[in-house]
Amino acid sequence: DLERLAGSLADGASMDDVTQSGSAAERNLGYLGAIADAFRNSRSSSEDRPDPLFEWRHLRVETQLGEGGFGIVYHAYDPILRRRVALKLARPERGSTRDDLIIAEARRMARLRHPNILAIHGADRHNDMAGIWCDLIDGDTLKQRIERDGPLNGHAVLQMATLLADALRLIHERGLTHGDIKPSNVMIRVSGEPVLMDFGAGSGMPGEGVLGSPIVMAPELFKGDSLTSASDVYSFGAMLYYALTGEYPVNAKNLDELSAKHEAGADIDFGPIQGELRDLVQQCLQPEAESRPSAADLLSQLYRITEAPARRRRQLAISAIIVSLSVALIASSVGLWQTSKARQQAEAERSSAQSSLNFVVDMLEAPRVESQGTEVRVKEV
C-alpha cells in the first residue's frame, strides 16, 4: 500500500487522491513518498536531459569527459539507477582478448568497498566495445590540481597518502594489483578526499608489452617482468614525488631514454622533499622491488608520521605536568622546611617566654630570704 501511495503522484494522481486514501499514517507516508518520487522524476526525467550522443547498453551517453590510452571516458545517464555515471569505453583496436581481461579485472575490482576507491557499477561488452561504468566524481585529478595550483604542502600530501595507502593495502590484500597509479588516476573530490580510479591496466598480464604509464612505472616492468604489488608501491612513490615537487622522479624525452635511465640506475634527487616524507618516498622508489615496503608497511609508517605531532604534544604535556609537579613538590618541601623551621623557632620562643614567665612567677612566689617581712616590688625583681 505504501509503495502504491508513494508512486501515485508520479503516475499523475492529484495530491488529494493521495491523501484521502488509507489511514492517517498511510496518508502521511504516502504524502512524503509521493513528493520524493515526484522530485526525483522531475530531476531525472528524460525530457529534461540533453539528447544523447549515443546509447551503449542501457546507458545514455551525453558528453565526452576525457580521452586516454585505454579509451574514452563519457558522462552518461543510468535510467535504472537514476543517476549520472562515468562510462569508459575501450578502443576497438585494443583487441577482444585484452578487453575481456580488462572487464574481468573490473569485475574483480567491483568487489572492493572502500571510500577512497572508485565504485564500479558494472562492466560489459556491447556494440563491439568493452566498457566500464562507475561513480562520476565531482572534482579534479591530482595532476590537474598540481598543474593549476602547484605542488602540495607536506601536510596535504600526508593526509592524501594515508587514505590512498589504505586503499592500496586493501587491493593487495585481495590478491589484486592496480597497475597504473599516477597523478591523473587520483581524483580529488570537492570535499578534498582522494579517490583511486582507473584499474584498466591492473591485470598484471605478462607478455603484453609495457603496462601502465611509463613515466611512473617501476624499473622491473621495463625489463618485461610481471606486474606485482611492489610495482604498485613504486608508482605510489612516484605519485607522491610529483605531488610534493611538481616533477616526476625520472624524466625522459621518450620511452627508450626512460628505459635506459632505469637500466643504468636513475639518480633521483630527493633534495626538494623535506621531513620524514623524504625517507618514505625514497623507500618506495628503491630500484629493487624486494627493497620496497609493502602497502601495509607504508600505511603503518604514514600513521606514525601523522601521529608524531600528537605524540610530541602528549610528551610535551606530560613533561609540563612532571615539571609542574616537581616545582610544586620542591615548593611544598621548601614550605614544609620553612614551616618546620618557623615551628621550631616559635617553639623556642614559646619555651623562652614560658621560662621567663616561670622565673617571674617563682620570684614573686618565693622572695629572697633577705626580703622576707618587707614588700617586694616587681621593679626590683
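This is a predicted model, so every value here is computed, not measured. Note that residues are indexed from 1 along each chain, following the sequence as it is written. Only residues with pLDDT of at least 70 are given local features in this predicted model, and only at 80 or more are side-chain atom pairs given and counted; all residues enter the totals for whole chains, interfaces and linings. Only hydrogens and water are set aside when side-chain values are computed; all heavy atoms of the structure are taken into account.

### Observations regarding the sheet that holds strand S7 (residues 139-141)
Phase 1: The strand order across the open sheet formed by three strands is S7-S8-S9, and the pairing between neighbours is antiparallel. Looking at the sheet topology across the chains shown, the edges are occupied by S7 and strand S9 (194-196). Averaged over neighbouring strand pairs, the angle between their axes works out to 30° when direction is ignored.
Phase 2: Pairing of S7 with strand S8 (residues 186-189), which is carried by three bridges, proceeds in the antiparallel orientation. Residue Asp140 lies in a different strand from S8, and its bridge partner there is Ile188.
Phase 3: Residue contacts are counted whenever heavy atoms from the two residues lie within 4.5 Å of one another. Lines fitted to C-alpha atoms define the axes, with helix axes restricted to the stretch in contact, and inter-axis angles between N-to-C directions lie between 0 and 180 degrees. Helix and strand labels come from DSSP, where a helix needs a run of H or I of at least four residues and a strand needs a run of E of at least two; each type is numbered from the N terminus. Running at roughly 25° to S9, helix H6 (residues 154-173) makes contact with S8 and S9 of the sheet. Any two strands between which DSSP finds at least two bridges are classified as paired.

### Here's the deal with empty space enclosed by the protein
Phase 1: Of the grid points, spaced at 1 Å and generated over the protein atoms alone, those admitting a 1.4 Å probe that cannot get out make up cavities, while open sets with protein on both sides within 12 Å along at least five of seven lines make up pockets; any residue with an atom within 4 Å of a point is treated as lining. Grid points are joined across faces, edges and corners, and a volume is the space filled by probe spheres set on the points. Evaluated as defined, the whole model comprises one cavity of 30 Å³ or more.
Phase 2: Taken as a whole, the largest cavity encloses approximately 50 Å³ of empty space.
Phase 3: Gly179, Asp180, Met217, Leu221 and Ser235 are the residues nearest the centre of the largest cavity, which is lined by 13 residues in total.
Phase 4: Among the elements that line the lining of the largest cavity, the one with the most residues is helix H8 (residues 229-245), at three residues.
Phase 5: Side-chain classes are defined by residue name, with Ala, Val, Leu, Ile, Met, Phe, Trp, Tyr, Cys and Pro counting as nonpolar, Asp, Glu, Lys and Arg as charged, and the others, Gly among them, as polar. Among the residues forming the lining of the largest cavity, the class breakdown is six nonpolar, five polar and two charged.

### Let's talk about the packing of helix H5 (residues 142-149) against H8
Phase 1: The contact between H5 and H8 brings their axes to 9 Å, and the two run at 20°. Taken as axis vectors, H5 and H8 run roughly parallel relative to one another. Classified by chirality, the crossing of H8 by H5 is left-handed. Contacts between H5 and H8 involve Leu142, Lys143, Ile146 and Glu147 from the former and Met239, Tyr242 and Ala243 from the latter.
Phase 2: Taken together, the residues of the contact of H5 with H8 break down into five nonpolar, no polar and two charged. For classification purposes, an angle smaller than 35 degrees is called roughly parallel, one larger than 145 roughly antiparallel, one from 65 to 115 roughly perpendicular, and anything else oblique. Should the near helix be turned counterclockwise from the far one by less than a right angle, the crossing is left-handed, whereas a clockwise turn marks it as right-handed.

In short, the description is geometric, and any link to function would need to be established separately.
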